[in-house]
Amino acid sequence: MESEGKGWHCGSLFFYMCAVALFSPCVTGQIRYSIPEEMSVGSFVGNIASDLGLEPKRLISGKARVFTADSSEYIGLDKENGHLVVKNKIDREELCGEISACSVSFDVIFENPMELYRVTVDIQDINDNSPVFPKSQIEQEISELAVLGARFPLESAIDPDVGVNTLQKYTLQPTDHFKLNVQNGDDGSKTVEMVLHSSLDREKKNHHNLILTAFDGGKPQRSATVQINIIVLDGNDNAPVFSQSSYRTSVVENAPKSTIVTRVSATDADESSHSIQYYFEHTSSTVKALFSIDADSGEVKVIGDIDYEKHKQFKIKVKAKDHGGLTDSSDIIVDIIDVNDNTPKITMMSFSSAVSEDAAPGTVIAMINIQDLDSGDNSKITCSIDLNSPFKIISSLTNYYNLLTYSELDREQTGEYNITITAVDGGNPPLSSKEILNLKISDVNDHTPQFEQESYTAFIAENNPPSTTILTVKAVDLDWGPNAKVSYFIIDGDLNGAPLASYISINSESGVIYAEKSFDYEQLKSFKMQVKAQDGGSPPLSNNMTVNIVIQDQNDNAPQVLYPVQTGASVVAEIVPRAAEVGYLVTKVVAVDVDSGQNAWLSYKLQKATDRALFEVGLQNGEIRTVRQVTDKDAVKQKLTVVVEDNGQPSRSAVVSINVAVADSFPEVLSEFTDFMQGKQYDDNLTFYLILALAVVSFLFVVSIISIISVKIYRWRQNKLFYKSGSNLPVIPYYPPVYADGTLQHVYNYEMCGTTDSRMGDMKFVRPYSQNTLVSQSRMGTVQREKKEQEVDDLTLEQKPPNADWRFPPNQRPGPSGAGAHPDEAGASAGVIAGTRPWPNPPTEAEQFQAMMVAANVSEATATLGPRYNPQYGPDYRQNVFIPGSTATLMANPQQQVPQQALPPPQALPPVEAPKAAQTPASKKKPTKKDKK
């Protein structure tokens, strides 16, 4: 049978292609095949790739697949060779029932691009079913009084096949009393009846056995037989008669059970007509499951669930039989009325779950099939989607729809869409169904990174350790995934001749900016750089931003004392005449601080002094002045220690030591000069002596208390003898002449101290006086000049203002308070002691000039020391002084435009007379009052 089916298939297979104009470009044509039923699984149906003119690889690349609306797949697709094959065995009778034209329709869908081909496969019937009678034996009761020509309906045989393969004819054996009458109905069905053509006689034969055979038209021919047993009854000569030859009625689907469909009735001319019984004749199992008839009343009722989608009409044969066995038959035609009880079914044929945000309008997102099993208006479908969305849905074929993009997409505004597809039928009330599609918008790198600020300003303190975090920059990219991953870079540049990368680095992922080295505010106060934020897209997009980095000053520089200059080569002393009045300007400490702001504000304090009651220092200007009148009891040697402290946190300071000589004559100063060196050396070794003394004391304490007392008494007696003998020996300095011809460049000084006890004698050889030494041969004359000027100044009560030639203009004063007015410029009255004003002008480098003057030759020092220490005048610096860090230059006279040298060239010293012989104790006279002055 299978081989025969294949041969029939080869002979009857055909296909045709027709190009039709469709609504959607995705549906390109329709193709039809024809195959017989009952083909084995895997049997060849057709070569769709060849028939459509497609390359076999197109089926693989296009992901070709078969789609059916009812999800029943009878035909499969072999993508390897492009063949359509039988996937499930097809039974035409099960698939189409009594319908002769039977076909299976499905769609072949391709992707990339989307294409749809409709394929119809006609299922041809084969003679695979034999006729079947409902019963194997028929019992028939016939009255002997039955008239000739009486008809007796028989149950027809059933053949599920169609066409020539279905039931074709009947035969009856024997035909002594009965013959067959076969009638063809309008629907192609055959009704078979026995017609009495010879009278019956129960008394002769009360039973008749007949054989009814049914034949179909197939090859080979199939047949079925049924035995008819006829019982001859006695006496009833009138058969029941139905009131109608056929009854037509209708019932809605889903009608409740026990619903009365119709009522049939028959009458009998015999007296026993009240005993007529009604039966369904030749009913199928489906009719028996859905309907029932009351045998007495003839009411037909619903006993099952009627579904219009399965059965749209029922034709039921009903028989009326009296007690005598006479019967009549009629037809009941039941039309099923459709009810809108099926919602539209939405099937996604193809769907792209993600679409790029740069997809052009009109891009197909999904292909949709919608089916409604109802009929008429109940099956008319209206499909729609949400409003205000960038999508639209259009119908491509009947019950087929395409979901398209309607406008441009932007993932940054909406990254995901939930598209609700609504299908509504035309019933009353209408039924609807919904399908929600989740569509994700894939990102495209169309946004540049944006910094949170247009520019950043960061502050960092100087002297920072390397790798210090300065600030964090942040840029946001509205894209997603790798396109939104931002990396940070510093645009290459130079700073002070060095690459910018040597100063600054940045973390490419976090945007944290680090300092690569320690900054110095005094060298670099601020700088700018460009930071680039770049995303990870392809191609990458970037944006630049400016970062201003400001270095904050720290108090990392101690004040620097410009004057007096501290050197270890010689000792410089300030001379204060004993006739100096209160407020006499001894000297001025000049210091600067290279820091800025309050870190450069300097204050001066007197840390240590030989006589604190004699001197004071201005807190803000560093001027050292006398507090009281100098007396004869004041020591000649005065040593002052001044601390210069800035205003930083924590503060830094510098210490300067100033030697002051209280004397009226220059030789008196020289006699005490060497003691300054000894005191200085003592100060340098003070720590060592303290440690040694502590060790000696500890050792002596351990030895014994008695030894300590003995040593103390011995040392006290020795020291007492030394002081008594030493006080009667004068120190006579000797000043050799200084030659101007260059033969003797230095002046040597010898000092000898002797006592009656030779063990206490001392002999010192002092190093030669250089140009940095305060001693001058013309000092005596200068002292005389000062004395005369002082006597004249004693007549006035007010101190004269200082010489205005040595002041700075306000715009050239260094330091943060350089713009402050001078006390005289501010209208201060004469005689106001300095140090009571607010922060003064910071000291300048020019005030160290006093040390330069002292280091000059003797004749220049003699000429300037007179007016320098005159109480009527402030310091008068005549040379030009360049101030580091400033463009100011100290001029000798504001009107003088020609710059001068900082130090005058050395000049030859005038010859001096040899000193007189030192006085002996015998010839020593008591100095008079005039000599002391």
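Residues numbered from 1 in each chain as written. Predicted model: local features only at pLDDT ≥ 70, side-chain atom pairs only at ≥ 80, totals over all residues. Heavy atoms only, no water.

Draft legend 1. Just the sheet that holds strand β6 (residues 83-86), in detail. Taken in spatial order, the 3 strands make up an open sheet running β3-β6-β5, and their pairing is antiparallel. Each having just a single partner strand, β3 (44-47) and β5 (75-78) make up the two edges of the open sheet. Here the strands of the sheet are splayed against their neighbours by 25° on average, with no regard to which way each runs. (Pairing = 2+ DSSP bridges. Helix = DSSP H or I, 4+ residues; strand = E, 2+ residues; numbered from the N terminus. Axes fitted to C-alpha atoms, helices over the stretch in contact; angles between N-to-C directions.)

Draft legend 2. Summary view of the state of the cysteines. Per the stated rule, a full pass over the model turns up 1 disulfide. Paired by a disulfide, cysteine 96 and cysteine 102 hold their sulfur atoms 1.8 Å apart. Judged by the sign of its S-S torsion, about 65°, the bond between cysteine 96 and cysteine 102 is right-handed. Overall, the relative accessible area of 16% leaves cysteine 96 in the buried class. When its relative accessible area of 3% is taken as the criterion, cysteine 102 is described as buried. (Disulfide = S-S within 2.5 Å. Buried < 20%, exposed > 50% of the residue type's maximum accessible area, 1.4 Å probe, protein only.)

Draft legend 3. Representation of the confidence of the model for the protein chain within the structure. Model confidence for the protein chain is summarised by a mean pLDDT of 75, while 71% of its residues fall at 70 or above. Segment residues 854-933: pLDDT under 50, and 147 contacts once partners within four positions in sequence are set aside and those in other chains are kept. (pLDDT = per-residue confidence, 0-100. Contact = heavy atoms within 4.5 Å.)

Draft legend 4. Here's a closer look at the sheet that holds strand β13 (residues 190-196). Strand order in the open sheet made by the 3 strands is β10-β13-β12, with antiparallel pairing throughout. Each edge of the sheet is formed by a strand with only one pairing partner; in this case those strands are β10 (151-153) and β12 (178-184). Here the average twist between neighbouring strands, direction ignored, is 35°. Relative to β13, β10 runs antiparallel, the two being bridged by 3 bridges.

Draft legend 5. Spatial organisation of the nonpolar core. The biggest cluster of nonpolar side chains holds 30 residues, and the ones touching the most others in it are Ile470, Val473, Ile504, Ile513, Phe519 and Val547. Mapped by element, the contributors of at least two residues to this core are β34 (455-461), β35 (468-472), β37 (487-490), β40 (504-506), β41 (512-515), β42 (526-534) and β43 (542-552). Not counting residues up to four positions away in its chain, the partners in contact with isoleucine 513 are Thr468, Thr469, Ile470, Leu471, Val473, Ile504, Ser505, Ile506, Met529, Val531 and Val547. (Core = buried A, V, L, I, M, F, W, Y, C linked by side-chain atoms within 4.5 Å.)

Draft legend 6. Looking closely at a nonpolar patch on the surface. Residues Phe701, Val702, Ile705, Ile709 and Ile713 make up a contiguous nonpolar surface patch of about 540 Å² in total accessible area. Of all the elements in the fold, those that place two or more residues in the nonpolar patch are α8 (686-703) and α9 (705-726). With 3 residues, the top contributor of residues to the nonpolar patch is α9. Position of isoleucine 705 relative to the elements: it lies in helix α9. (Patch = residues over 30% accessible without salt bridge, like charges linked within 9 Å, V, L, I, M, F, W, Y side chains within 5 Å. Areas by Shrake-Rupley, 256 points an atom, 1.4 Å probe, with all protein chains shown as cover. Salt bridge = Lys/Arg side-chain N within 4 Å of Asp/Glu carboxyl O.)

Draft legend 7. Focus on the UniProt feature "transmembrane region" (unreviewed entry) in the protein chain. When the UniProt feature table is mapped to this numbering, "transmembrane region" (unreviewed entry) covers residues 686-714. The straight-line gap between the two end C-alpha atoms of residues 686-714 is 24 Å; of that span, 97% is helix and 0% is strand. (UniProt positions renumbered as here; feature names shortened; annotations may be inferred.)

Draft legend 8. Inspection of the pairing of strand β23 (residues 313-321) at higher detail. Side chains Phe314, Ile316, Val318 and Ala320 of β23 all project onto a buried face; the interleaved residues Gln313, Lys315, Lys317, Lys319 and Lys321 project onto a face where none is buried. Two elements, strand β20 (residues 277-281) and β23, share 5 bridges in a ladder whose sense is antiparallel. Each bridged residue has a counterpart across the sheet, and for glutamate 281 the counterpart in β23 is lysine 317. Bridge count between β23 and strand β24 (residues 327-337): 9 bridges; the pairing is antiparallel. Bridged to lysine 319 within β24 is serine 329. Hairpin connection from β23 to β24: 5 residues lie between these consecutive antiparallel strands, with glycine 325 at a positive phi of about 90°.

Draft legend 9. Highlighting the packing of aromatic side chains. The tally for this structure, following the rule as stated, stands at 9 aromatic pairs. Consider the rings of phenylalanine 110 and tyrosine 117, whose centres lie 5.7 Å apart with planes at 90°: the pair is edge-to-face. These aromatic residues form a ring-pair network of at least three members: Tyr503, Phe519 and Phe527. Lying across the ring of phenylalanine 215, lysine 169 places its NZ or CZ 5.5 Å from the centre. (Phe/Tyr/Trp six-rings, centres within 6.5 Å; stacked < 30°, edge-to-face > 60°. Lys NZ or Arg CZ within 6 Å of the ring centre and 35° of its normal.)

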